[in-house]
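Examining the three-dimensional arrangement
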Amino acid sequence: MSKVLELRDVSVAFTVGRTLFSSGRRAKAVDRVNLELGEGQTLALVGESGCGKTTTGKVAAGLIKPTEGQVLFYGKDVWKMKREEFKEYRRSVQIIHQDPYSSLNPMLTIYGTLSAPLFRHKLVSSKEEAVEAVSKLLEMVGLVPPEEFMNKYPHQLSGGQRQRVVIARAVSLNPKVIVADEPVSMIDVSLRLQILHLMKDLQRKMGVAYLFITHDLATGRYFARDGYTAVMYLGTIVEFGPTNSVILEPLHPYTRALLSAIPEPDPQRTRMKKVMQLRSLDVPSLLNVPSGCKFHPRCPFFMEGKCDKRPPERYYVGKDRWVACYLYE
Amino acid sequence: MMVIATGREPVIIVRNLSVEYPTPRGVVKAIRGVNLEVYKGETLFIVGESGSGKSTLGLALMNLVPRPGRIREGEIIYRVDGSEVNLLKLPPEEQRRFRWRYVSMVFQSALNSLNPVLRVWDQLYDVIKAHDMNVSREEAYEKIRSLLSLVRLDADRVLRAYPHQLSGGMRQRVMIAMALLLDPKIVILDEPTTALDLLTQKNILEVLKDIKSKLGTTMIFITHDLSLAAELADRIAVMYAGKIVELGDVYEVFYRPKHPYTYALLRTIPKLTSVEEELYPIPGSPPDMVNMPPGCKFHPRCPYAADVCREVEPPDEWVASGHLVACHLWRKLKLEVGVP
């Protein structure tokens, strides 16, 4: 399987609190992240709010330039690309945001929203062609009959319908990768599976790869069940592997703690779970990240003089399966 | 209608409650004839999607439905020490007192509902003073200290702090302590953990379990998250389009649901660690609350819908003692979910 997108030692630092008199402080939202996405593959990037997963997604889509490291599109460093090449990369990696309410222009009809990129990238040259292409897109995402939706404005659609429009826009340029950042978290529970199935369906038809970003491990497990899962904590990926292996046999103490703490929709199962006790419940600030392994102040397996000194490397425990934890050294 | 399960003592009785919000598009019938009893000491979960009316029901229980919304009809009776209090008939001043003392609420937006320019101590002390001028500073301090320790906070550290110096989980625990300050018998919690990180969320759930076992407080949770209900509920009420469509013991509702909506919900949510099973999308969308379909409001999405469902709204029926369902077809349907 050829690699379509790769993040190599990517870091993103933001400056916080810069004023006339102070140069501010550096917060590393993403810290030496390595990720690979094969053609047509699904990779779930899971973590809690503030862990840097959204920033990682923006880096993957070329919306943020990393402060260090490289983003490779079919092996080519995208930030060294020529203008035309970069444009092609940006067209090929589309992003779906969490909020279907703010990601559509309220002044444009659905036709306007969906036809603009087609014209911009010269995929259509006349109004007739655009109407036909937009109809096809709407049918593809289940907004039928298309005539009924084409001239509507976003406010006339429900949240689920809007997210379908956003998905239609993302697939309209035949992308290779879609970065889906919490695509269903603002959608009603009863509509989520429809959207997830639609996305999977498009993957089968178009061969698009997904970087699926979520805080909901159960949804991540379902969506990436035939793919991979990466667990992120304070800007670092702590564990990576085939999805069911990561979720059912978690290795990193952080992943284990998470999985032991998350309630499940089954009264007997959830009440029998044993919570892993942490040394501290405080989540460190990105401005004051712990030395060594970032989880060490909370980790019940903390080894003094080791975990707090140097950040652990990636230790492989199987094919495509690694953990950044000294327990697996 | 008002069957009382034996041995259980209702502390709230809601009768035929309807709440409406006028909007430019028309009247939103947020709650349509809800009947509900809340029992002493229980943890009741009201679950539903956005627009199902669950948050409105929570507010209505305290007569706090925001204007221009209004309670169109119905009664909310509180049983206090053997006597009945009809909340909607109380004068406003008495309602206010009744609220903190007898029933209090922790809101969804609790993270922002502390005053940013006052220390935690001042905010907690104010609540006590506002309701009882005679409490001494020392008594108040003792009370506050014991509650903070119940919610697993270090009083010495927290009381002197301003809200921004506390983490989200700590602020949420302060809010829970505040809700308990006047020893209410009932606490209503609207999505108390949604804004918190996952490990903190679990900690708050443990705190709430402590409160339940130590103080015996009756708790009403309002949430869209079925996992929280599975974790904590004694009973669960499932709302759809402004009505309770199913109500019962948490194990009954999860393992032997009787309403097709409950059944569909349970089969549409991804599971975290259980064996992978097929999930099924629910077709269609939740109803437009201004322009609802006739008959059962779930019928356009229900795979079992019959003619009667399209015409007549189903009555509430008792499936068994304590298990209520509003579905014409419940007797005929076999809706089994992985019974353990």
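Residues numbered from 1 in each chain as written. Chains lettered and ligands numbered in written order. Predicted model: local features only at pLDDT ≥ 70, side-chain atom pairs only at ≥ 80, totals over all residues.

A few points about the overall build of chain A
In terms of regular secondary structure, chain A is built from eleven helices and twelve strands. Taken against the 2.2 N^0.38 rule, which gives 20 Å for 329 residues, the C-alpha radius of gyration of chain A at 21 Å falls within 12% of a compact globule. Looking at chain A as a whole, 47% of its 329 residues qualify as buried. Pairs at least 24 apart in sequence give 62% of the contacts found in chain A among residues at least 6 apart. (Helix = DSSP H or I, 4+ residues; strand = E, 2+ residues; numbered from the N terminus. Rg over C-alpha atoms; globule rule 2.2 N^0.38 Å. Buried ≥ 20, exposed ≤ 12 C-beta atoms within 10 Å, placed from the backbone. Contact = placed C-beta atoms within 7 Å.)

Digging into the overall build of chain B
Secondary structure summary: chain B contains eleven helices and twelve strands in total. Radius of gyration (C-alpha) of chain B: 21 Å, near the 20 Å computed for a compact globule of 340 residues. When its C-alpha atoms are laid out on the principal axes, chain B stretches across 65 × 50 × 45 Å. Put simply, chain B has 340 residues, and 43% of those count as buried.

As for the interface of chain A and chain B
Of the residues lining the interface, 38 residues belong to chain A; the matching set on chain B comes to 35 residues. Going through the elements one at a time, α7 (189-206), α8 (217-223), α9 (243-248), α10 (253-261) and α11 (267-272) of chain A are the ones with two or more residues in the side of chain A that touches chain B. It is α7 of chain A that contributes the most residues to the side of chain A that touches chain B, six residues altogether. Considering only residue class, the side of chain A that touches chain B consists of 20 nonpolar, nine polar and nine charged. (Nonpolar A, V, L, I, M, F, W, Y, C, P; charged D, E, K, R; others polar.)

Section: the sheet that holds strand β12 (residues 321-323) of chain A
Strand pairing in a sheet relies on backbone hydrogen bonds. The paired strands run either parallel or antiparallel. Residues and elements named next belong to chain A. Spatially, eight strands are ordered β6-β7-β8-β3-β9-β10-β12-β11 in an open sheet, and the strand pairing comes out mixed. Of all strands in the sheet, those with a lone pairing partner are β6 (93-96) and β11 (315-318), marking the two edges. Across the sheet, the mean angle from the axis of one strand to that of its neighbour is 20°, orientation sign disregarded. Sheet topology places strand β7 (residues 177-181) next to strand β8 (residues 209-214); five bridges connect them, and they run parallel. Among the inter-strand pairings, Ala 180 is bridged to a residue of β8, identified as Phe 212. (Pairing = 2+ DSSP bridges. Axes fitted to C-alpha atoms, helices over the stretch in contact; angles between N-to-C directions.)

Points about helix α1 (residues 54-61) of chain B
Residues and elements named next belong to chain B. Of all eight residues making up α1, eight are buried, and the element is well covered by its neighbours. Residues of α1 that are buried: Lys 54, Ser 55, Thr 56, Leu 57, Gly 58, Leu 59, Ala 60 and Leu 61. One or two steps after α1, the chain reaches Asn 63, where phi turns positive at roughly 55°.

Re the sheet that holds strand β11 (residues 317-320) of chain B
Residues and elements named next belong to chain B. If you walk across this open sheet you meet the eight strands as β6-β7-β8-β3-β9-β10-β12-β11, and the pairing is mixed. Each edge of the open sheet carries a strand with a single partner, namely β6 (103-106) and β11. Across the sheet, the mean angle from the axis of one strand to that of its neighbour is 20°, orientation sign disregarded. With three bridges joining them, β11 and strand β12 (residues 323-325) adopt antiparallel strand pairing. When the sheet's bridge partners are listed, Glu 317 is paired in β12 with Val 325.

Some points on the pairing of strand β4 (residues 70-80) of chain B
Residue and element names in this part refer to chain B. As judged from the seven bridges shared by strand β1 (residues 10-23) and β4, these two strands associate in the antiparallel manner. Bridge pairing links Ile 13 to Ile 77 in β4. Taken together, the four bridges between β4 and strand β5 (residues 83-86) define a ladder with antiparallel strand orientation. Directly across from Val 80, in β5, lies its bridge partner Ser 83. Hairpin remark: β4 followed by β5, antiparallel, with two residues in the connecting loop; positive phi at Asp 81, about 45°.

Focus: the confidence of the model for chain B
In regions of low pLDDT, the predicted coordinates are not meant to be interpreted in detail. Per-chain confidence: chain B averages 90 in pLDDT, with 96% of residues scoring 70 or above. Long-range and interchain partners of residues 1-6 of chain B, a stretch whose pLDDT sits below 50, account for seven contacts in this model, where long-range means more than four residues apart. (pLDDT = per-residue confidence, 0-100.)

Points about helix α1 (residues 53-60) of chain A
It helps to recall that an α-helix has 3.6 residues per turn; residues three or four apart then point in one direction. Residues and elements named next belong to chain A. By the criterion of burial, α1 is predominantly enclosed, with eight of the eight residues buried. For α1, the full list of buried residues reads Lys 53, Thr 54, Thr 55, Thr 56, Gly 57, Lys 58, Val 59 and Ala 60. Taken from the residues just after α1, Gly 62 is the one with a positive phi, measuring 75°.

Here's the deal with the packing of helix α6 (residues 168-179) of chain B against helix α7 (residues 198-215) of chain B
Residue and element names in this part refer to chain B. At a closest axis distance of 10 Å, the pairing of α6 and α7 adopts a crossing angle of 20°. With respect to each other, α6 and α7 are oriented roughly parallel. Handedness of the crossing formed by α6 with α7: right-handed. Between α6, through Gly 168, Gly 169, Gln 172, Arg 173 and Ile 176, and α7, the contact on the second element is made entirely by Thr 200, Asn 203, Ile 204 and Val 207. (Parallel < 35°, antiparallel > 145°, perpendicular 65-115°, else oblique. Left-handed = near helix turned anticlockwise from the far one by under 90°.)

Section: the environment of Ser 167 of chain B
Mapping Ser 167 of chain B onto the fold places it in the loop between α5 (155-159) and α6. A count of 16 C-beta atoms within 10 Å places Ser 167 of chain B in the partly exposed class. As for Ser 167 of chain B and Leu 196 of chain B, which are separated by 29 residues in sequence, their C-alpha atoms are 9.5 Å apart. Those residues in contact with Ser 167 of chain B that sit more than four places away from it in its chain are Asp 282 and Val 283 of chain A.

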